[in-house]
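Descriptive structure summary
The lines below spell out each chain.
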Amino acid sequence: MIAHLQRAATTAALIPTLYGLDDPRGRLRPRLIGADYHGADKQLPLFGDPQEVLGGGVLDAPALRLGARAPEQPVWMCSVRSDPRHPDLSDAQWADVARRLVTATGLAPAGDPHGCRWAAIRNGDRSVHVVATVVREDGYIHNTYRDPFHVQAECTRIAAELGHLTHTVTTTKDHRMPVITISAAPSGSIVATGTGDDLSATLLRHAGFQQIDDWHGRRHRLPTTTPRPEAASIATHATQMLRAALYNVDLDPKLHVEPLDTPGQQILHLTDAIRGAANFAELAGVLDDLLDPDDGMLVRLQEALETASEQITDLDPDQYELSDRFGAASDQLVTAQAELAGVLDEVQLATSDTAGTAEVLAAEDLRTRAALARSTALAPNAADAPAAAASTGLPPVPAAAVGAAGRTR
């Protein structure tokens, strides 16, 4: 089985794809084969035409409740296709596949009344489309960071159970990832081979590699114009991401770059940069490294806590209390990210206000100095000095100083 993930702003945006409205070969007739609407306030269909579910905003409702705190693309769709060399599955079997996928990813865990809403839709043979929202009923947002890995691992297990594979896969840890080689080609370009699955391809594209599909097969390569030090850094970063996803990676030793410092030292450097910001423009640039929603330190820390919670459960299911403590801390960071959404725009506005105030103060100071120079030149004696000072708003010049300025040798 092969899975493909995509995101959308609303479920209505998926109607052209699911109904084939943009396909010149003919329109499709999708049908609903299973769903779970959790906290929906009305009776909704579980089978039949999915028009009401897709166009009525049923799945969008939890995201609409969040308002501005909701993600830009809260709709999650996973399209799964089976091996054409084997018999097609029934609607009931495909519905079970959809239910297992939303459970494996954590979108809608079994027995969780506050999970995400989802629906399983078929519009052709040998495939199913699972449409869901990433916003749970309790208002929390599902983290999709490891969804590609969980989905593909679950698809592999299902295919093994159906007899579509020659070997049996029972758990995530039993799944043997392919070996990926990252090396320097004779031409000087950096090439990654052995990346036939979608997850490794996604990680390499995220690192900066370009995907190439030709008669040699799929591979990934860095642009030949990439400077060698930067190429080595990108290759090392890609290797770290792939190994974190349990891939076996063979990295050319010439491309290995040692880390410059520890994560704690990186945060200290960021703190020093915040403390040393001379204006709001510099402060906004530094805060972007901390609050970036895709690769900022805050979101990475939240992901680390969530992963720790999942790993504790994988190692020992009885340690659920310890796992919940990490999960609660991760949820608090999700709330913090939501509270800080848009704060960089406010810092930028503060930049404009500060710049305007500085220009006004500079202009007033220039006018004051010019008035003082004119008053000093026009005052013939010490008696005129207090009046001149009063007109400029500055303290009067002492009489001794005026007299001394008027004497010459």
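In this report, the structure presented in the accompanying data block is examined.

Scoring rules and cut-offs
Residues numbered from 1 in each chain as written. Predicted model: local features only at pLDDT ≥ 70, side-chain atom pairs only at ≥ 80, totals over all residues. Heavy atoms only, no water. Helix = DSSP H or I, 4+ residues; strand = E, 2+ residues; numbered from the N terminus. Buried < 20%, exposed > 50% of the residue type's maximum accessible area, 1.4 Å probe, protein only. Areas by Shrake-Rupley, 256 points an atom, 1.4 Å probe, with all protein chains shown as cover. Pairing = 2+ DSSP bridges. Axes fitted to C-alpha atoms, helices over the stretch in contact; angles between N-to-C directions. Contact = heavy atoms within 4.5 Å. Polar contact = N/O pair within 3.5 Å; in protein donor to acceptor, adjacent residues only side chain to side chain. Salt bridge = Lys/Arg side-chain N within 4 Å of Asp/Glu carboxyl O. Parallel < 35°, antiparallel > 145°, perpendicular 65-115°, else oblique. Left-handed = near helix turned anticlockwise from the far one by under 90°. Nonpolar A, V, L, I, M, F, W, Y, C, P; charged D, E, K, R; others polar. 1 Å grid on protein atoms, 1.4 Å probe; cavity = no way out; pocket = protein on both sides within 12 Å on 5 of 7 lines; lining within 4 Å. Points joined across faces, edges and corners; volume = space filled by probe spheres on them.

Of the regular secondary structure elements, the protein holds 14 helices and 10 strands. Here the protein holds 409 residues, and the buried ones make up 35% of them. Surface accessibility of the protein: about 23600 Å² in total, with carbon and sulfur atoms responsible for 56%.

Turning next to the pairing of strand 10 (residues 248–251). Burial along strand 10 is one-sided: Val 249 and Leu 251 are buried, and none of Asn 248 and Asp 250, which face the opposite way, are. As paired elements, strand 6 (residues 179–184) and strand 10 share 4 bridges and run parallel to each other. Within strand 10, the residue paired with Ile 180 across the bridge is Val 249.

Once that is clear, we can look at the sheet that holds strand 1 (residues 2–8). Sheet strands pair by backbone hydrogen bonding; their relative direction is either parallel or antiparallel. Within the open sheet, the 5 strands sit side by side as 1-3-5-4-2. Their pairing is antiparallel. Each of the sheet's edge strands pairs with one partner strand only, and the pair in question is strand 1 and strand 2 (31–36). On average, each strand axis in the sheet is tilted by 20° relative to the strand beside it, whichever way the strands run. In this sheet, strand 5 (residues 127–133) lies alongside strand 4 (residues 118–122) in antiparallel orientation, the contact comprising 4 bridges. When the sheet's bridge partners are listed, Trp 118 is paired in strand 5 with Ala 132. Against the sheet, helix 4 (residues 91–105) makes contact with strand 2, strand 3 (75–81), strand 4 and strand 5, and its axis sits at roughly 145° relative to strand 4, the strand it touches most.

This part covers the side chain of Asn 143. Residue position: Asn 143 is located in the loop between strand 5 and helix 5 (147–161). A residue is classified by how much of its surface remains accessible, and Asn 143, at 17% relative accessible area, is buried. A distance of 3.2 Å separates the side chain of Asn 143 from the side chain of Gln 302, its partner in a polar contact. A distance of 3.1 Å separates the side chain of Asn 143 from the side chain of Glu 306, its partner in a polar contact. When neighbours within four sequence positions are excluded, Asn 143 is seen to be in contact with Gln 302, Glu 303 and Glu 306.

Time to look at the pattern of salt bridges. Close approach of charged atoms lets side chains of opposite charge pair. Counting across every chain of the model gives 13 salt bridges. The salt bridge partner of Glu 303 is Arg 300, with a shortest N-O separation of 2.7 Å. Taken as a pair, Glu 303 and Arg 300 lie in helix 10 (residues 297–315) at a separation of 3 residues, close to a single helical turn. Note on Glu 303: relative accessible area 10%, which makes it buried.

Next up on the list: helix 6 (residues 198–207). Among the residues of helix 6, Leu 199, Ser 200, Ala 201, Leu 203, Leu 204 and Ala 207 are the ones counted as buried. Trailing helix 6 by a residue or two, Gly 208 shows a phi angle of about 125°, which is positive.

On to unusual backbone geometry, then. Working note: non-glycine residues mostly have negative phi, and peptide bonds are mostly trans. Backbone geometry at Arg 126 places phi at a positive 60°, although glycine is not the residue there. What makes Arg 126 partly exposed here is its relative accessible area of 27%. In this structure, Leu 246 is a non-glycine residue whose phi angle is positive, near 70°. Here Leu 246 shows up in the loop between helix 7 (228–244) and strand 10.

We now examine the packing of helix 4 against helix 5. Two numbers describe a pair of packed helices, the interaxial angle and the distance between the axes. Interhelical geometry of helix 4 versus helix 5 gives an angle of 140° and a closest axis separation of 9 Å. Judged by the inter-axis angle, helix 4 sits oblique to helix 5. Crossing of helix 4 against helix 5: the hand is right-handed. Residues Val 97, Arg 100, Leu 101, Ala 104 and Thr 105 of helix 4 form the contact with helix 5, whose own contacting residues are Asp 147, His 150, Val 151, Glu 154, Cys 155, Arg 157, Ile 158 and Glu 161.

At a minimum axis distance of 8 Å, the contact between helix 10 and helix 11 (residues 320–339) shows a crossing angle of 160°. By the angle between their axes, helix 10 is roughly antiparallel relative to helix 11. For the crossing formed where helix 10 meets helix 11, the hand is left-handed. Residues Leu 298, Val 299, Leu 301, Gln 302, Leu 305, Glu 306, Ala 308, Ser 309, Ile 312 and Thr 313 of helix 10 touch helix 11, and the partners they reach there are Leu 322, Ser 323, Phe 326, Gly 327, Ala 329, Ser 330, Leu 333, Val 334 and Gln 337. Classifying every residue of the contact of helix 10 with helix 11 by side-chain character gives 11 nonpolar, 7 polar and 1 charged.

In this model, the second largest pocket occupies a volume close to 1300 Å³. Secondary-structure elements contributing two or more residues to the lining of the second largest pocket are helix 4, helix 5, helix 10 and helix 11. With 9 residues, the top contributor of residues to the lining of the second largest pocket is helix 10. Here the residues of the lining of the second largest pocket sort into 14 nonpolar, 16 polar and 13 charged.

Here we take up the environment of Ala 328. Looking at where Ala 328 falls in the secondary structure, it is placed in helix 11. Among the residues examined, Ala 328 registers a relative accessible area of 37% and is labelled partly exposed. C-alpha of Ala 328 to C-alpha of Glu 306: the two residues are 22 residues apart in sequence and 8.8 Å apart in space.

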